[in-house]
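The primary structure of each chain is shown beneath.
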Amino acid sequence: MNSASILNPRFRSILSFLPIPLSFSQCLSTASPKPLQNPKTQLLQSFNSLTQTQTHGCFSSTALVSSLKSCSTHTALFHGQQIHCIGVKTGLDSNIFVKNSLIHMYAKCDRIRDAETVFEMGFGLDLVSCNIMIIGYVKCGNLEDARKVFDEMPERGCVAYTTMIKGLVKEERWGDAVGVLKDMRRYEVVPGTVTVADVVLSYLGLGGVREGRMIHAMSVMFGLDGVLVSTNLLHMYCCCSSLEDAERLFDEMGEKNIVSWNVILNGFVKAHLVESAKNLFERIPEKDVVSWGTMIDAYVGLGRLNEALVLYRAMLRSRVRPNGVLIVNLMLACGQLMGFEGRQLHADMAKSGLDCFDFVQSTVIHFYASCGEMDFACLQFESSEKSHISSWNALMSGFVRNGFIEQARKIFDEMPRRDVFSWSSMISGYSQTAQPAKALELFHDMVAAEVMANGITMVSVISAIASLGTLQEGIWFHEYIRRNSIPLNDNLIAALIDMYAKCGAISTALEFFLQIRDDISSVCPWNAVICGLAMHGHARLSLKIFRDLQGAPVEPNSITFIGVLTACCHAGLVEAGKEYFRRMMNSYKINPNLKHYGCMVDLLGRAGRLYEAEEMINSMPMESDVVIWGTLLAACKSHGNVEVGKRAADRLASLDTSHGAGRVLLSNLYADAEKWEDAFEVRKAMEGQMMTRLPGASGVV
């Protein structure tokens, strides 16, 4: 029976639109196919060869297979369909080699359903056909159909198993990939290099070093421990923090390529073993941009920018051209520390043509804004591509960072489109500049524009509510976070606790903290609840939370101890406060700042230990400020110590000659001690000076 008579209806409809040749000399359509991207000389030669293979009115199946192979190589679907027509007309499409070539051609051209139809037209399951179909299904991500063909195969070879494993690994179905490997070994099918390399990635996804060692042993047993498998094993050991295994394997590798060197180098850097990484880096025979970039990023991550820049210049001298990611990372670091080097990097970008990319343009704008040079940031913005939203965002956030909120709002209003970062930056700007009402108003505009807020947005919104002290609105926004399934990261948790504390609902803040304490991974929420309890006078409860923190896998920071010392201050726990202050320095290696010293002065001053407080101020490693001397002066007023109070007032006056509150305190101190002449002299001196006093403010909620 002619194959055309049993042709699947699906292919009748496909082929009816194609110019089926009336004679073999007219096998090529005169219609112009879609132009190919590049000249396909080989493809044309295959077609010419095809028309010349006519022998006694028949085409050679070998010629069809060769032409279909060319079509597959160049993904030339139109020409492949024409050859399919020839196969149908001649009956050669029933030839197993032609059939497999057709399946392969359609699969390569992303016409998996057409490949499927050709596959189903066969009689019985052919091993090669099944392998081609599995490869096609995996390529288009259809793992269910791939698994169906895989399970129905009468016998499976290394190709089928390897393809199935590769597809599962691609979709991150690590457990299923390992299961296929176990089936492969059960049926005593010997794995290949690619099989083992992909399985290594599966064990990496599962996070099992023990199982990874087993696959390592299997690769050695079958002699598959070449550079590909060994490099993947290196990657697995490094990612699983098993650097000893990684080093041992690296030293045993007979052949190493640049990828192997880069993998082990990155492993050292991720483990913060920078000196070991440096020694390894110097041993790399031929470094590429990844090698240089990894080492430079290591220095940047440690804040050792000078060393990073020295290495960058050495890279340029070695004639290795930097990529955009490397220069962007360096520029971001320069924006935090210094400006001149960043301008040199900008020049390098321009010379190498990297400044045409949108992420590079936005980084340059961000750099100049971080250095406070908004004129240059605006100049770069004007020369950038205006369709890139990242450039708009960089300029607007730069204005926000430098306190130019009106200019930031002007850019925001002119933006052709806005994403969640745009809205979040502007809301954050209002929140940080004591304009909470505008922050909330803008958030409601964001909701009306149907832009979904994220955790960063909500941190700014909750902070604005904390400033306003509107508890009911805070409760509504907390419920909004729940309704919209916005993930609770540690910053957002801390903001919610702080909001409840500042709105007077400290019990709600504590209850919320206790509910989610097990999910906290940083110290921020702990700080919020410790400081909140201390602020509300629950000193002993605040210190209990601190003791709980010491048993958690989280390290306290400087803010934690401000809360702890404040709690001691409110409870009058002088000796406990002094002990916490010592432990902060000795056990946690945290250097105290002005706020810590201010808490200690307040603690000692409230307890009447004024000479000790004065001695602490004089021993501070940094210059004292008006707040600390004002705190001591207020304590002197409370305890009636004129001697220390006079010295504190003099130091206060030397720091701020217009500080009227300090002179008033001194005058009142003299008056309380019945030293009326001294009090009169202070008041008289104030009349001849431009003294200022900050106006008070109160709010009713």
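Here the structure is a predicted model, which means the values were calculated and not measured.

So, on to the overall build of the chain. If you tally the helices and strands in the chain, you get 40 helices and 0 strands. In the chain, which comprises 701 residues, the share counted as buried stands at 47%. In the chain, the proportion of contacts linking residues at least 24 apart, taken out of those at least 6 apart, comes to 61%. Total accessible area on the chain is roughly 35300 Å²; 53% of this is exposed by carbon and sulfur atoms.

Look at helix H15 (residues 258-270): 18 Å from first C-alpha to last across 13 residues, which is about the 18 Å you get at 1.5 Å a residue. For H15, the full list of buried residues reads Ser260, Trp261, Asn262, Val263, Ile264, Leu265, Gly267, Phe268 and Val269. Packed against the buried residues of H15 are helix H13 (227-239), helix H14 (243-252), helix H16 (274-283) and helix H17 (289-301). Structurally, the start of H15 carries an N-cap: the backbone nitrogen of Val259 is 3.2 Å from a side-chain oxygen of Asn257. A positive phi of about 65° marks His272, the residue just after H15.

The next thing to look at is the packing of helix H7 (residues 127-139) against helix H9 (residues 158-170). Each pair of packed helices can be described by the angle between their axes along with the distance between the axes. In contact at an axis separation of 10 Å, H7 and H9 are set at 10° when each is read in the N-to-C sense. In terms of orientation, H7 and H9 fall into the roughly parallel class. Here Asn131, Ile134, Ile135, Val138 and Lys139 of H7 lie close against H9, whose contacting residues are Val159, Ala160, Thr163, Met164, Gly167 and Lys170. Split by residue class, the contact of H7 with H9 holds 6 nonpolar, 3 polar and 2 charged.

The next point concerns the pattern of salt bridges. For the coordinates displayed, the defined rule picks out 22 salt bridges. The partner of Arg173 in a salt bridge is Asp176, with the nearest N and O atoms 3.1 Å apart. Taking the shortest distance from any N to any O, the salt bridge between Arg409 and Asp413 comes out at 3.0 Å. Here Asp413 and Arg409 lie together in helix H24 (residues 405-414), a separation of 4 residues that amounts to about one turn.

Moving on, we get to the environment of Gly429. Looking at the element boundaries, Gly429 is found in helix H25 (residues 420-432). Classification of Gly429 as buried rests on a relative accessible area of 0%. In this structure, the C-alpha to C-alpha distance between Gly429 and Ser397, residues 32 residues apart in sequence, is 8.2 Å. When neighbours within four sequence positions are excluded, Gly429 is seen to be in contact with Val400 and Ile405.

Moving on, we come to the environment of Met153. Considering the arrangement of structural elements, one finds Met153 in the loop between helix H8 (143-152) and H9. Taking the relative accessible area as the measure of exposure, Met153 reaches 5% and is therefore buried. Separated by 26 residues in the primary sequence, Met153 and Leu127 have C-alpha atoms spaced 7.2 Å apart. Sequence-distant contacts of Met153, defined by excluding residues within four places in its chain, comprise Leu127, Cys130, Asn131, Ile134 and Ala160.

Taking 1.5 Å per residue, 13 residues should reach 18 Å; helix H10 (residues 174-186) reaches 19 Å between its end C-alpha atoms and fits that length. Three or more residues of H10 are buried, namely Ala177, Val178, Val180, Leu181 and Met184. The arc that holds the buried residues of H10, viewed along the axis, is 155°, so those residues lie on one side. Among the exposed residues of H10, those oriented more than 90 degrees off its buried face are Lys182 and Arg186. Following H10 by one or two positions, Glu188 has its phi on the positive side, about 60°.

Now for the packing of aromatic side chains. Aromatic ring pairs are defined here through the distance separating the ring centres and the angle between the ring planes. The final tally for this structure, using the stated rule, is 15 aromatic pairs. Considering the side-chain rings of Phe381 and Trp392, the 4.9 Å spacing of their centres and the 80° angle between planes classify their relative orientation as edge-to-face. Residue Phe381 is found in helix H22 (residues 374-383), and its partner Trp392 is found in helix H23 (residues 389-401); the two are separated by 11 residues along the sequence. Between Phe546 and Phe561, the aromatic rings sit 5.5 Å apart at their centres with planes inclined by 65°, giving edge-to-face as the arrangement.

The pLDDT averaged across the chain works out to 79; a share of 79% of its residues lies at or above 70. No element of the chain has a lower mean pLDDT than helix H1 (residues 9-15), at 45, and none a higher one than helix H29 (residues 490-502), at 95. The low-confidence segment residues 1-7 (pLDDT under 50) makes 13 contacts with residues lying over four places distant or belonging to another chain. This stretch, residues 9-39, has a pLDDT under 50; its non-local contacts, to residues over four places away or in other chains, come to 42 contacts.

In this structure, Phe443, Met458, Ile462 and Leu632 are the most contacted members of the largest nonpolar core, which totals 107 residues. For this core, the element with the most residues is H29, which contributes 9 residues. With residues near it in sequence (within four places) discarded, Ile462 still touches Phe477, Ile481, Leu492, Ala495, Leu496 and Met499. The next biggest cluster of nonpolar side chains, apart from the first, holds 87 residues, and it includes Met153, Ile165, Val229 and Val274.

Per the stated rule, a full pass over the model turns up 1 cavity of 30 Å³ or more. Taken as a whole, the largest cavity spans an internal volume of roughly 30 Å³. Listing elements by their share of the lining of the largest cavity, those giving two or more residues are helix H3 (61-73), helix H4 (77-90) and helix H5 (96-108). Ranked by residues supplied to the lining of the largest cavity, first place goes to H4 with 3 residues.

Within the element layout of this structure, Asn641 appears in the loop between helix H37 (626-639) and helix H38 (642-655). Take Asn641: its relative accessible area is 14%, and that puts it in the buried class. In terms of polar contacts, Asn641 uses its side chain to reach the backbone amide nitrogen of Val644, at 3.0 Å.

Attention now goes to a negative patch on the surface. A cluster of acidic side chains, namely Glu244, Glu247, Asp251 and Glu252, defines a negative patch on the protein surface. Along the chain, Glu247 turns up in helix H14. According to the relative accessible area criterion, Glu247 is partly exposed, its value standing at 36%.

For the coordinates displayed, the defined rule picks out 0 disulfides. Considering cysteine sulfurs only, Cys109 is the nearest to Cys71, which forms no disulfide, with 7.5 Å between them. The cysteine Cys568 is free of any disulfide, with Cys569 supplying the nearest cysteine sulfur at 8.5 Å. With a relative accessible area of 0%, Cys568 lands in the buried category.

Of all residues except glycine, most have a negative phi; of all peptide bonds, most are trans. Even without being glycine, Asp110 reaches a positive phi, approximately 60°. You can call Asp110 exposed: its relative accessible area is 57%. Notably, Arg319 is not glycine yet its phi reads approximately 65°, a positive angle. By secondary structure assignment, the location of Arg319 is in the loop between helix H18 (305-317) and helix H19 (324-337).

Definitions and limits used
Residues numbered from 1 in each chain as written. Predicted model: local features only at pLDDT ≥ 70, side-chain atom pairs only at ≥ 80, totals over all residues. Heavy atoms only, no water. Helix = DSSP H or I, 4+ residues; strand = E, 2+ residues; numbered from the N terminus. Buried < 20%, exposed > 50% of the residue type's maximum accessible area, 1.4 Å probe, protein only. Contact = heavy atoms within 4.5 Å. Areas by Shrake-Rupley, 256 points an atom, 1.4 Å probe, with all protein chains shown as cover. Expected span 1.5 Å × (residues − 1). Polar contact = N/O pair within 3.5 Å; in protein donor to acceptor, adjacent residues only side chain to side chain. Axes fitted to C-alpha atoms, helices over the stretch in contact; angles between N-to-C directions. Parallel < 35°, antiparallel > 145°, perpendicular 65-115°, else oblique. Nonpolar A, V, L, I, M, F, W, Y, C, P; charged D, E, K, R; others polar. Salt bridge = Lys/Arg side-chain N within 4 Å of Asp/Glu carboxyl O. Arc of directions from axis to C-beta. Phe/Tyr/Trp six-rings, centres within 6.5 Å; stacked < 30°, edge-to-face > 60°. pLDDT = per-residue confidence, 0-100. Core = buried A, V, L, I, M, F, W, Y, C linked by side-chain atoms within 4.5 Å. 1 Å grid on protein atoms, 1.4 Å probe; cavity = no way out; pocket = protein on both sides within 12 Å on 5 of 7 lines; lining within 4 Å. Points joined across faces, edges and corners; volume = space filled by probe spheres on them. Patch = residues over 30% accessible without salt bridge, like charges linked within 9 Å, V, L, I, M, F, W, Y side chains within 5 Å. Lys, Arg positive; Asp, Glu negative; His and termini not counted. Charge placed at Lys NZ, Arg CZ, Asp CG, Glu CD. Disulfide = S-S within 2.5 Å.

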